[in-house]
Amino acid sequence: MASDSNMDREMILADFQACTGIDNIAEAITLLELNNWDLVAAINGVIPQENGILQSNFSSEASQTGPFGPQSQSEATAPTPSAPPSSASASASASASASGSASASSSSSPPSSSSPAFCPVQPSRHIVERQSRMLNFHVEYRQRSIEVVLEDASTVSDIKTILETELQVPVSKMQLKGWKSGEVSDSTVLRSLHLPKNNSLYVLTPDIAPSASTSQSSSAQQGVSNQNYLLVISHREAQRDYSLNFPASKTIQEVKRNISDLTNIPVRHQQWDGWPASASDDSMTLAASGISHPCHHLTVCRRSSPALTVDQTDECTDVHMVSDSEGDDFEDAPEFGVDESEIFGMGSSTCRKSPMMPENSENEGDALLHFTAEFSRRYGDCHPVFYIGSLEAASQEAFYGKARDRKLLAIYLHNDESVLSNVFCSQMMCADSIVSYLSQNFITWAWDVTKEANKARLLTMCTRHFGSVVAQTIRTYKTDQFPLLLIVMGKRTSNEVLNVIQGNTTVDELMMRLMGAMEIFTAQQQEDIKDEDEREAREMVKREQDEAYRVSLEADRKKREAQEREEAEQVRQERIRKEQEEEREAIRLSLEQALPPEPKEEGGEPISKLRIRTPSGEFLERRFLGSCKLQVLFDFIASKGYPSDEFKLLTTFPRRNITQLDPASNLLEAKLFPQETLFLEAKE
């Protein structure tokens, strides 16, 4: 029974792919699981039908096909009375085709998944025609607003033709702005732009001057109020406040559009608190709305979806399809505040997800903080530690430290539009083994490429840090191949991307590829460690040599300074000695000149002959008058180089110190008459 069930599912999968043209198996399986493998419901979900034709065809076919095979061709193709003629014929064609296919499959062997033989609804021309969608365009031109409704098979030129009739502006002078895909040509088919049901555009006419009435009304409006309003707008979900200045001429609709750009909440999904009761029309200007001047506080959040029901016991886990009996189809979803991507967006949650990363973040650090918080909110706290900072800072952290501390850089690129994102994040990125391995061996940096602005910013960063080849590689991957995990290794000359891991992998394969990258990195790291150790050893020897040389220079300097100090001291001492000698010589000469003349022996006065022995053994002899004072004797001795403050004059026997006597006494009183032998002795 299990093999039969698997075979049935393979046949349903093959039929579903053949009817819808969806080549991605994972996407097809996801759509079928959302509809409990009901082939008809899944096809109706992807290819919207009118008036439930596909459902009625297969219901009638199911009732006409008994246990032994289909009924007659005429019975199977009979149209229902309530169906219109065109619908009835299409229904009959589809039923006949389905019945024929069923008969062929019952008479042949069961087909394989690669070559399906049974398709309840063949992708014929009438089904392709039913894929047309009606698109609403809200077009603004100066003070006017025009609503245009067209099929998606129309071209941009068709919109301009309608606007030419309404605005009286030639098509050649008309420029349509506001396309999400950038500039488009007049021949562009609307279906190729993949537009939502409701769109907002505005017309520019740079070659046409404003009319006089328009100019007058504008000047009058400016005369009413030329003041500015400060709107403090609180975003509840993000818990963030925006302080925005708007001129009084701005309309409430323009304010809401600016907030849509900041918060990624479409205008139709915005729920406001704080507008006064007088602001009942979004086309009103701020000056006429009745808000407070100069500052007014408002609150905005995302409006909950009335078109979807949420099971409280298993909140935001299953997609509840809107049945045909309720009158809601694929094209009506945006009118109830629900985008097509929310119904058939391959997600596992009916709740509107806030973006992983804001589109216009001021710096990369704030963007990564928002990414980490949103990742934890969606998938839990068990996830890799994302580096908070710029890609350049993450590269510095991973590649440019010591060789032993370097790591691989893992760049995780998320895309909410891929059906693989939820599975990859919840089952791979949050697996304990992967989280542990990434934390130990990698610096993990993340970025969200869902928004085109963020993707362009990433490509610029990758070109700057890794080269244009890496950026081009990322650019070539399609949305359904995301998320990506880039493994980058730092090298001496340039950084190298070792591996690019796509979202369609398993935990075991992811771990094997991470370990393979680690083996390559470890081999390179060992070489880097060896080179770094050798370089550090050489630098250590050089530092030791430099230190020894510095110490030697310092010793030589100190020795030279000591020698210079010694020489300077010798010079100083020599100078002092010379000065002292010069001073002594001057004193000696002055004393010698002041001595009285030596008396003659024939004089009548008593004369004393003194004989004085110097320390060198020489004798000094001179005659003095007996009345001559001792001071004259002292001056005579000093004039010969023996001053009394350095030498003492002694008698031989009895030993007396003459220098201790009163210098004013004479020789007779000192008993140095008529002659005496004295000797000089240096004082201690």
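Quantities reported herein were computed from a predicted structural model and do not represent experimental measurements.

Draft legend 1. Molecular detail of the pairing of strand β4 (residues 198-204). With burial as the criterion, only one face of β4 is covered, namely that bearing Asn199, Leu201 and Val203; the residues Asn198, Ser200, Tyr202 and Leu204 on the opposite face remain uncovered. Pairing between strand β1 (residues 134-141) and β4: 5 bridges, direction parallel. Counterpart to valine 139 in the pairing with β4 is leucine 201. As paired strands, strand β3 (residues 175-177) and β4 are joined by 3 bridges and run antiparallel to one another. Looking at β4, one finds that glutamine 175 is bridged to leucine 204.

Draft legend 2. Structural detail: the sheet that holds strand β13 (residues 607-613). Within the open sheet, the 4 strands sit side by side as β14-β13-β16-β15. Their pairing is mixed. Where the open sheet ends on each side, the last strands, each with one partner, are β14 (619-625) and β15 (647-651). Between one strand and the next, the sheet's axes are offset by a mean angle of 30°, whatever the strand orientation. Judged from the 5 bridges that link them, β13 and strand β16 (residues 675-682) form a sheet pairing that is parallel. Residue pairing for β16: arginine 613 is matched across the bridge by phenylalanine 679.

Draft legend 3. The arrangement of the nonpolar core in detail. Counting residues in hydrophobic clusters, the biggest one holds 57 residues, and the most contacted among them are Phe375, Leu409, Trp445, Trp447 and Leu514. With residues up to four places along the chain from it excluded, the contact list for tryptophan 447 reads Met357, Glu364, Ala367, Leu368, Phe371, Tyr412, Leu413, His414, Asn454, Arg457, Leu458 and Met461. Of all hydrophobic cores here, the second largest spans 21 residues; its members include Val632, Tyr642, Ala670 and Leu678.

Draft legend 4. How the structure looks around helix α18 (residues 468-476). Buried residues of α18: Val470, Ala471 and Ile474, and no others. Along the long axis of α18, the arc covered by the buried residues comes to 100°, so they all point the same way. Exposed positions of α18 whose direction lies more than 90 degrees from the buried face are Ser468 and Val469. Against the buried residues of α18 lie β9 (408-414), α17 (452-466), β11 (484-489) and β12 (496-501).

Draft legend 5. Representation of the packing of helix α14 (residues 391-399) against α17 within the structure. Interaxial distance between α14 and α17 falls to 10 Å at its minimum, and their mutual angle equals 35°. Taken as a pair, α14 and α17 cross one another with a handedness that is right-handed. Within the contact between the two elements, α14 uses Leu391, Glu392, Ser395 and Phe399 and α17 uses Met461, Cys462, His465 and Phe466. Each residue belonging to the contact of α14 with α17 can be placed in one class, and the counts come to 5 nonpolar, 2 polar and 1 charged.

Draft legend 6. Expanded view of the confidence of the model for the chain. When pLDDT is averaged across the chain, the result is 76; 76% of the residues are at 70 or more. In this model residues 49-130 is a low-confidence stretch, pLDDT under 50, and it forms 82 contacts with partners more than four residues away in sequence or in other chains.

Draft legend 7. Highlighting the sheet that holds β4. Spatially, β2-β1-β4-β3 is the arrangement adopted by the 4 strands of the open sheet, whose pairing is mixed. Each edge of the open sheet carries a strand with a single partner, namely β2 (144-151) and β3. Ignoring strand direction, the axes of neighbouring strands in this sheet form an average angle of 30°. Both β1 and β2 contribute to a ladder of 8 bridges, which runs antiparallel. In the sheet register, phenylalanine 137 faces β2, and the bridge partner there is valine 148. Packed on one face of the sheet, helix α8 (residues 156-167) meets β1, β2, β3 and β4 and runs near 140° to β2.

Draft legend 8. View of the pattern of salt bridges. Under the counting rule described, the total for this entry stands at 30 salt bridges. Aspartate 533 is the partner of arginine 404 in a salt bridge, and the nearest nitrogen-oxygen pair spans 3.0 Å. Note that arginine 404 is positioned in the loop between α14 and β9 and aspartate 533 in helix α19 (residues 507-594), a separation of 129 residues in sequence. When salt bridges that share partners are traced, they join Glu374, Arg377, Arg378 and Asp416 into one network.

Draft legend 9. Representation of the side chain of serine 418 within the structure. By the secondary structure assignment, serine 418 is in the loop between β9 and α15 (421-429). Those residues within four positions of serine 418 in sequence are excluded, and the remaining contacts are Thr479, Asp480, Phe482 and Pro483.

Draft legend 10. Local environment of the environment of glutamate 140. Of note, glutamate 140 is situated in strand β1. With 64 residues separating them in the primary sequence, glutamate 140 and leucine 204 have C-alpha atoms 9.3 Å apart. In contact with glutamate 140, other than residues within four places in its own chain, are Ser145, Leu201, Tyr202, Val203, Gln253 and Arg257.

Draft legend 11. Looking closely at unusual backbone geometry. Here the residue pair phenylalanine 482 and proline 483 is connected by a cis peptide bond, since its omega of 0° sits within 30 degrees of zero. Residue position: proline 483 is located in the loop between α18 and β11. The omega angle of the peptide bond from phenylalanine 653 to proline 654 is -10°, so this bond is cis rather than trans. With respect to the helices, strands and loops of the structure, proline 654 is situated in the loop between β15 and β16. For tryptophan 37, which is not glycine, the phi dihedral falls at a positive 60°. Positioned with a positive phi, glutamine 168 is a non-glycine residue whose angle comes to about 60°. Relative to the assigned elements, glutamine 168 resides in the loop between α8 and β3.

Draft legend 12. Just the packing of aromatic side chains, in detail. For the structure on display, the rule yields 14 aromatic pairs. Measuring from centroid to centroid gives 6.4 Å for phenylalanine 371 and tyrosine 412, while their planes differ by 65°, and the two rings are edge-to-face. A residue pair is termed long-range when its members are at least 10 positions apart, and phenylalanine 371 in helix α13 (residues 364-379) and tyrosine 412 in strand β9 qualify at 41 residues. Residue classification places tyrosine 412 among the buried residues on the basis of a relative accessible area of 0%. Aromatic rings pair up to connect Phe371, Phe375, Tyr379, Phe386, Tyr412 and Phe424 into one cluster. Lying across the ring of phenylalanine 624, arginine 622 places its NZ or CZ 4.8 Å from the centre.

What counts, and where the lines are drawn
Residues numbered from 1 in each chain as written. Predicted model: local features only at pLDDT ≥ 70, side-chain atom pairs only at ≥ 80, totals over all residues. Heavy atoms only, no water. Buried < 20%, exposed > 50% of the residue type's maximum accessible area, 1.4 Å probe, protein only. Helix = DSSP H or I, 4+ residues; strand = E, 2+ residues; numbered from the N terminus. Pairing = 2+ DSSP bridges. Axes fitted to C-alpha atoms, helices over the stretch in contact; angles between N-to-C directions. Core = buried A, V, L, I, M, F, W, Y, C linked by side-chain atoms within 4.5 Å. Contact = heavy atoms within 4.5 Å. Arc of directions from axis to C-beta. Left-handed = near helix turned anticlockwise from the far one by under 90°. Nonpolar A, V, L, I, M, F, W, Y, C, P; charged D, E, K, R; others polar. pLDDT = per-residue confidence, 0-100. Salt bridge = Lys/Arg side-chain N within 4 Å of Asp/Glu carboxyl O. Phe/Tyr/Trp six-rings, centres within 6.5 Å; stacked < 30°, edge-to-face > 60°. Lys NZ or Arg CZ within 6 Å of the ring centre and 35° of its normal.

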